Amino acid sequence: MTAAVNYLPEDPAHDAEIEHINEEAFGPGRFARAAYKIREGGPHERALSFVALNGDTVVASVRMTRVAAGAGRALMLGPLAVRPTFKNLGIGRRLVAMALEAAAKAGVPAVLLVGDEPYYGPLGFKKIPRGQISMPRPVDLDRVLSHEIAPGAVAKLTGMIDHEDKVQAVPA
Ligand SMILES: CC(C)(COP(=O)(O)OP(=O)(O)OC[C@H]1O[C@@H](n2cnc3c(N)ncnc32)[C@H](O)[C@@H]1OP(=O)(O)O)[C@@H](O)C(=O)NCCC(=O)NCCS
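Along each chain, the written sequence defines residue order, and numbers are assigned to residues from 1. Totals for whole chains, interfaces and linings use every residue, but because this is a predicted model, local features are given only for residues with pLDDT of at least 70 and side-chain atom pairs only at 80 or more, for both listing and counting. To obtain the side-chain values, all non-hydrogen atoms of the structure were included, while hydrogens and water were left out.

A. Highlighting the pattern of salt bridges. Take a side-chain nitrogen of Lys or Arg and a carboxyl oxygen of Asp or Glu: if they are within 4 Å of each other, that pair is a salt bridge. Across all of its chains, the model carries 11 salt bridges by this definition. Among the ionic pairs, R63 bridges to D15, the shortest N-O distance being 3.0 Å. Of the two residues, R63 sits in strand β3 (residues 57–70) while D15 sits in helix α1 (residues 15–26), which places them 48 residues apart along the sequence. The buried label applies to any residue whose accessible area, calculated with a 1.4 Å probe on protein chains only, is under 20% of its type's maximum; exposed applies above 50%, and partly exposed to all values in between. Looking at R63, the relative accessible area reads 14%, which means it is buried. One salt bridge connects R83 with E24, and the closest N-O pair in it is separated by 2.8 Å. Taken together, the positions of R83 in the loop between β4 (72–82) and α3 (91–105) and E24 in helix α1 put the pair 59 residues apart, joining distant regions of the chain. Counting from the N terminus, the helices are the DSSP runs of H or I reaching at least four residues and the strands are the DSSP runs of E reaching at least two.

Here it is in structure tokens:
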């Protein structure tokens, strides 16, 4: 099946539908997640976040948030969610590809996320070595994945990951 889907950068007018999609995909447990706690630290990057639209309806969303850990800087990808009736059409993969391309164009050195390696591995994400980073809430460290854009950028991500707005500048 193919669906008529358009991809756009996120706009504030999409917020309510995105919230609904994330509620549907992750339920109330989403507020307890480590990634959610990090995202609570400040705004996401709307210009680097994307939606998929079917007509005027948002059917999928990916958000990107600036984070920091040690001397490293990155965008955290997520939440990524697709409405159930639009799953398995390549929309998730396409949104991830768009987000990675936008991150590279914006000069962001790395993208990280908490997610399933079997899904994100083929999209260019690898496990961050255990012990390199931590999160403000318990997280399965085998699910912390990164996509390096600038060589060496992932190795600079060390210690606690937090929203970039909450981390003091560290000399490079
Ligand atoms: C995971 C999700 C974003 C995938 O989006 P999608 O548009 O349905 O996926 P795509 O069409 O891009 O890719 C489909 C492929 O990914 C596979 N896939 C989907 N979820 C997967 C997962 N968690 N682990 C491994 N593979 C997965 C599908 O089996 C399918 O494989 P195939 O191409 O071999 O048939 C979507 O299913 C979703 O919103 N799930 C609920 C929320 C969620 O889990 N988000 C991810 C947070 S880390």
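Okay, back to it.
B. Geometry of the site of the ligand. Near is defined per residue: the residue qualifies when any heavy atom it owns lies within 4 Å of the molecule or strand. With respect to spatial proximity, 18 residues lie near the ligand, and among them V82, N88, G90, G92 and D116 are the closest. N or O atoms within 3.5 Å of each other form a polar contact, as long as, within protein, one can give a hydrogen and the other can take it, and as long as residues adjacent in sequence are counted only when both atoms are side-chain atoms. Within the backbone of G90, one N or O atom sits 2.6 Å away from an oxygen atom of the ligand. A distance of 2.6 Å separates a nitrogen atom of the ligand from a polar atom in the side chain of D116. Using a 1.4 Å probe, accessible areas were evaluated by the Shrake-Rupley method; residue-level cover was limited to the displayed protein chains. Across the complex, the protein chains shield 66% of the 900 Å² of accessible surface that the ligand would expose by itself. For the shell around the ligand, the secondary structure elements donating two or more residues are α1, β4, α3 and α4 (117–120). Just so you know the grouping, Ala, Val, Leu, Ile, Met, Phe, Trp, Tyr, Cys and Pro go in nonpolar, Asp, Glu, Lys and Arg go in charged, and all remaining residues, Gly too, go in polar. Residues belonging to the shell around the ligand are distributed by class as follows: 11 nonpolar, 4 polar and 3 charged.

C. Region of the structure containing the pairing of strand β2 (residues 50–54). Burial analysis of β2 places 4 of its 5 residues in the buried class, which makes it a mostly covered element. Here a strand pair is declared whenever DSSP counts at least two bridges between the two strands. Summarising the sheet, strand β1 (residues 6–9) and β2 pair through 4 bridges and their orientation is antiparallel. Among the inter-strand pairings, N6 is bridged to a residue of β2, identified as L53. Counting the residues between successive antiparallel strands, the hairpin from β2 to β3 contains 2 residues, one of them, G55, with a positive phi of roughly 65 degrees.

D. Fine view of the packing of aromatic side chains. For this analysis, a ring pair means two rings from Phe, Tyr or Trp (six-membered ring only for Trp) whose centres lie within 6.5 Å, classed as stacked if their planes differ by under 30 degrees, edge-to-face if by over 60, and tilted for the remaining angles. Evaluation of the coordinates by the stated rule reveals 3 aromatic pairs. Aromatic side chains F31 and Y36 sit 5.1 Å apart centroid to centroid with 85 degrees between the ring planes, which places their arrangement in the edge-to-face category. Overall, Y36 belongs to the partly exposed group, its relative accessible area being 24%. Centre to centre, the rings of Y120 and F125 are 5.7 Å apart; their planes meet at 75 degrees, and the pair counts as edge-to-face. Among the residues examined, F125 registers a relative accessible area of 2% and is labelled buried. The structure contains a cluster of three or more aromatic residues connected by ring pairs, namely Y119, Y120 and F125.

By themselves, these are just geometric observations and shouldn't be taken as functional.
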